[in-house]
Amino acid sequence: MTMLLASHFTSLTSKMLSVSTSDHASVVSLNLFVALLCACIVIGHLLEEHRWINESITALLIGLATGVVILLISRGKNSHLLVFSEDLFFIYLLPPIIFNAGFQVKKKQFFRNFVTIMAFGAIGTIISCTVISLGAIHFFKKLDIATFDLGDILAIGAIFAATDSVCTLQVLNQDETPLLYSLVFGEGVVNDATSVVLFNAIQSFDLTHLNHEAAFHFLGNFLYLFLLSTVLGVATGLISAYVIKKLYFGRHSTDREVALMMLMAYLSYMLAELFALSGILTVFFCGIVMSHYTWHNVTESSRVTTKHTFATLSFLAETFIFLYVGMDALDIEKWRFVSDSPGTSVAVSSILMGLVMLGRAAFVFPLSFLSNLSKKNQSEKIDIKQQVVIWWAGLMRGAVSMALAYNKFTRSGHTELRGNAIMITSTITVCLFSTMVFGMLTKPLIRHLMPHQSTTTSMLSDDNTPKSMHMPLLDGEQQDSFVEFSGSHHDVPRPDSLRGFLMRPARTVHHYWRQFDDAFMRPVFGGRGFVPFVPGSPIDRSTHDLSKP
């Protein structure tokens, strides 16, 4: 009996020691990772004015350098501090990035180009996926890699059709190039959602029995997910606006209304994941609605706090992603399987990069042409220089592609099949190459093709967004008049007329939406101009101070 207790005590002690050692290793890894994040911020600040390198590329380079150091210290056994986790990316890192983008997006530019953005994001993604899949079927047969079935090929198409909307935030400026930013980033958000929906549908569909009925079912499922995800995001944003407007937490504590905004934003994403919808679309439209209604219902101090809090969380998540991608690119386990045939891995990466470029060109230029046909005003059309920038800026592949590739070709971040290892290393190579090369050259390309873009578009900024904390040069009505009538001051149809709708449908819809919003939505859900007056609030105090002689 004594020996049995002793053996149990010895095994329990060894388990506790192993757990303690594991916990200590995790603490060391987290400390090093936080130190690297600080280094990324400091170096990014020092390179702020550099025309070639942005913060995402800085984080990638630091991640690569850290991976090399860890490889040398561990003698080629390991290269990263943390193991890549899809849950970490999709549940914790992606939501604050996408929400902040919707929260600070220039809504007028986004919704004025809504049809074009939807066409690029949804139809364009399907075209790109098709081109990449057909190219993979053609070229992979000639290479000495594992045999992939139809589901694998279509999954590869969905993986590499996913653009990197995170990197777009780094290389484009919505104040300097608002049209390009709204098109490329708006398309990127819809593209990411479409790619994830396509990937999940491919994983769940029985592709051995393809017919017209299955195709229509797939299309119906996609439209259902898209519409329901959007409705869920809008509904969550409206609920938060109504609750904060009615209860007005700022009377007692600004902390509560800030906390409620943050929790409602995250709840929208988690509800979408709970109901198997697109969390990306849901949290993006939740951000737009909350910036239009909820943000104007809180106190002035809470507005400043939420604006900077959401931006900071998004910035840290972006830096974290690029830092880890850089470190994981040197994971020795994946490269060991392709070390005997490096030429094959390079060939696969080159083919996939070429297919990505071809697949994007296959929809950017044709859809831009169709979009221009529906626009009468020359200033609203997408010229060939802008089309080139849109094509170029959307070639970057990032964490979404990597997360989907890990989901398809690994188990718990590890793989033991040569074909799967080739696809993982090729995905890493394409992501690194596209981010480094296309990301570094995007800003110089914009300056070369459109040197006067920032001066001609500065008057079109949307001052009804959380990002715009300055005093507007024009008020809302004046700005609308300036935008609508500055192009041609003769023969301009009224926005509420049938001729106006046929010639300028986006502006006519915007005209009726403004009337509906002012008459019904803002009185119920708040927003600019309908903030409740509460004695003792910052608004009351500021008004009282202004009335003093």
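Basis of the calculations
Once a new chain begins, its residue numbering starts again from 1 and follows that chain's sequence as written. Residue-level local features of this predicted model are given only where pLDDT is at least 70; pairs of side-chain atoms are given and counted only at 80 or more, and the full residue set underlies all totals for whole chains, interfaces and linings. Only hydrogens and water are removed before side-chain values are computed, so all heavy atoms of the structure are retained for them. The numbering of helices and of strands both runs from the N terminus, where a helix is a DSSP run of H or I of at least 4 residues and a strand a run of E of at least 2. The cut-offs for exposure are 20% and 50% of the maximum accessible area for each residue type, with area from a 1.4 Å probe on protein chains only; residues under the lower value are buried, those over the upper are exposed, and the others partly exposed. Contacts were defined at the residue level, with two residues in contact if any of their heavy atoms lie within 4.5 Å. Residue exposure ignores everything except the shown protein chains as possible cover, and the areas themselves are Shrake-Rupley values with a 1.4 Å probe. Any two cysteine sulfur atoms lying within 2.5 Å of each other are counted as a disulfide. Every case where a carboxyl oxygen of Asp or Glu lies within 4 Å of a side-chain nitrogen of Lys or Arg is listed as a salt bridge. Lines fitted to C-alpha atoms define the axes, with helix axes restricted to the stretch in contact, and inter-axis angles between N-to-C directions lie between 0 and 180 degrees. Each angle gets one of four labels, with under 35 degrees taken as roughly parallel, over 145 as roughly antiparallel, 65 to 115 as roughly perpendicular, and the rest as oblique. Handedness of a crossing is defined here by the sense of rotation of the near helix relative to the far one, left-handed for an anticlockwise turn of less than a right angle and right-handed for a clockwise turn. Note on residue classes: Ala, Val, Leu, Ile, Met, Phe, Trp, Tyr, Cys and Pro are nonpolar, Asp, Glu, Lys and Arg are charged, and everything else, Gly too, is polar. Patch construction takes residues with relative accessible area above 30% that form no salt bridge. Like charges are linked within 9 Å, and nonpolar side chains (Val, Leu, Ile, Met, Phe, Trp, Tyr) are linked within 5 Å. Here a pair means two rings of Phe, Tyr or Trp (six-membered ring of Trp) with centres within 6.5 Å. Their orientation is stacked below 30 degrees between planes, edge-to-face above 60, and tilted elsewhere. Whether a charge sits over a ring depends on NZ of Lys or CZ of Arg being within 6 Å of the ring centre and within 35 degrees of the ring normal. Here, the term nonpolar core denotes a set of buried Ala, Val, Leu, Ile, Met, Phe, Trp, Tyr and Cys residues that are joined through side-chain atoms within 4.5 Å. One fewer than the residue count of a helix, multiplied by 1.5 Å, yields its expected span. Two axes enter the bend calculation: one fitted to the seven residues ending at the residue in question, the other to the seven starting there, and the bend is the angle between them. A residue's pLDDT is simply how confident the predictor is in it, with values from 0 to 100. Nitrogen and oxygen atoms within 3.5 Å of one another constitute a polar contact, given that in protein one can donate a hydrogen and the other can accept it, and given that sequence-neighbouring residues count only through two side-chain atoms.

J.: Even after reading the chapter, I still don't get the overall build of the protein, so can you show me in this structure?
T.: Of regular secondary structure, the protein possesses 22 helices and 0 strands. The 549 residues of the protein split such that 51% are buried. Restricting the contact set of the protein to residue pairs at least 6 apart, pairs at least 24 apart contribute 81%. Put simply, the protein shows about 26,300 Å² of open surface, and 68% of that area lies on carbon and sulfur atoms.

J.: Can you help me understand the state of the cysteines in this one?
T.: A covalent bond between the sulfur atoms of two cysteines is what we call a disulfide. Taken as a whole and assessed by the stated rule, the structure comprises 0 disulfides. No disulfide involves Cys38; its nearest neighbouring cysteine sulfur is the one of Cys40, lying 9.2 Å away.

J.: How should I be thinking about the pattern of salt bridges in this particular structure?
T.: Where charged atoms of side chains with opposite charge meet at close range, the side chains can pair. Evaluated as defined, the whole model comprises 5 salt bridges. A salt bridge links Arg303 to Glu300; the nearest nitrogen and oxygen atoms lie 3.5 Å apart. With Arg303 and Glu300 both in helix 12 (residues 300-328) and 3 residues apart, this pair spans about one turn of that helix. Salt bridges sharing partners connect three or more residues here, namely Asp517, Asp518 and Arg522.

J.: Can you help me understand the packing of helix 8 (residues 178-204) against helix 15 (residues 384-393) in this one?
T.: What describes two packed helices is the angle between their axes and the distance between those same axes. Relative to each other, helix 8 and helix 15 sit at 40°, their axes nearing to 10 Å. The orientation of helix 8 relative to helix 15 falls into the category oblique. Between helix 8 and helix 15 lies a crossing of right-handed hand. On helix 15, the residues touching Leu179, Leu180, Leu183 and Val184 of helix 8 are Gln386, Val389, Ile390 and Ala393. Tallied by class, residues from the contact of helix 8 with helix 15 come to 7 nonpolar, 1 polar and no charged.

J.: Could you clarify how one ought to interpret the packing of helix 9 (residues 212-247) against helix 11 (residues 279-297) in this entry?
T.: In contact at an axis separation of 7 Å, helix 9 and helix 11 are set at 25° when each is read in the N-to-C sense. On the basis of the axis angle, helix 9 is roughly parallel to helix 11. Handedness of the helix 9/helix 11 crossing: right-handed. When its residues are assigned to classes, the contact of helix 9 with helix 11 shows 12 nonpolar, 9 polar and 1 charged.

J.: Looking at this model, I keep getting lost on a nonpolar patch on the surface. Mind explaining?
T.: Side chains of Phe216, Leu219, Leu223 and Leu227 sit close together on the surface and give an oily, nonpolar patch of about 430 Å² of accessible area. With respect to the helices and strands, the residue Leu227 is situated in helix 9.

J.: Just to check I follow, could you spell out the packing of aromatic side chains for this structure?
T.: The description of two aromatic rings rests on the distance between their centres and on the angle between their planes. Overall, the coordinates contain 18 aromatic pairs when judged by the stated rule. Where Phe111 meets Phe114, the ring centres are 5.8 Å apart and the plane angle is 25°; that geometry is what we call stacked. The exposure class of Phe114 is partly exposed, given its relative accessible area of 26%. Members of the aromatic cluster, connected to one another through ring pairs, are Tyr181, Phe185, Phe284 and Phe285. Across the ring face of Trp295, the terminal group of Arg303 is positioned such that the distance to the ring centre comes to 5.7 Å.

J.: Sorry if this is basic, but what is going on with the nonpolar core here?
T.: For soluble globular proteins, nonpolar side chains are generally found buried alongside one another. The biggest cluster of nonpolar side chains holds 118 residues, and the ones touching the most others in it are Phe140, Phe160 and Met423. Apart from the residues within four sequence positions on either side, Phe140 is in contact with Ile145, Phe148, Ile153, Ile156, Val348, Ile351, Leu352 and Met423. Counting 7 residues, the second largest nonpolar core, distinct from the first, contains Phe222, Leu225, Leu232 and Leu277.

J.: What is the right way to read helix 3 (residues 86-104) from this model?
T.: Along an α-helix, a turn takes 3.6 residues, which lines up residues three or four apart on a common side. Taking 1.5 Å per residue, 19 residues should reach 27 Å; helix 3 reaches 26 Å between its end C-alpha atoms and fits that length. At Leu94, helix 3 is deflected by roughly 45°, the largest bend along its length, and proline Pro95 occurs up to four residues later in sequence. For helix 3, a buried count of 15 out of 19 residues is recorded, marking the element as mostly surrounded by other parts of the structure.

J.: Explain the confidence of the model for the protein to me, please; I cannot follow it from the model alone.
T.: Detailed reading of the predicted coordinates is not advisable wherever pLDDT falls low. This prediction gives the protein a mean pLDDT of 77; 75% of its residues lie at or above 70. For the protein, the element scoring lowest by mean pLDDT is helix 19 (residues 476-485), at 37; helix 10 (residues 254-274) scores highest, at 92. For residues 468-492, every residue scores under 50 in pLDDT, and the model assigns this stretch 37 contacts once sequence neighbours within four places are set aside. Every residue in residues 498-502 is under pLDDT 50, and counting partners more than four places away or in other chains gives 8 contacts.

J.: Please explain unusual backbone geometry as it appears in this structure.
T.: Excluding glycine, most residues fall at negative phi; most peptide bonds, likewise, are trans. Even without being a glycine, Ala276 presents a positive backbone phi close to 60°. In this fold, Ala276 is placed in the loop between helix 10 and helix 11. Here Ala276 falls in the exposed class, since its relative accessible area comes to 55%.

J.: Sorry, what's going on with the side chain of Ser229 here?
T.: Relative to the helices and strands, Ser229 resides in helix 9. A polar contact is formed between the side chain of Ser229 and the backbone oxygen of Leu225, at a distance of 2.5 Å. Leave out the neighbours within four places in its chain, and Ser229 touches Leu277, Ser278, Leu281 and Thr282.

J.: Teacher, can you tell me more about the environment of Cys431 here?
T.: In this fold, Cys431 is placed in helix 17 (residues 418-449). The sequence separation of Cys431 and Phe160 amounts to 271 residues, and the corresponding C-alpha distance is 9.4 Å. Not counting chain neighbours up to four residues away, the residues in contact with Cys431 comprise Arg397, Gly398, Ser401 and Met402.

J.: Is there a simple way to think about the environment of Ala59 in this case?
T.: For Ala59, the position within the fold is in helix 2 (residues 55-73). Measuring from C-alpha to C-alpha, the distance between Ala59 and Leu323 comes to 4.7 Å, with 264 residues separating the pair along the chain.

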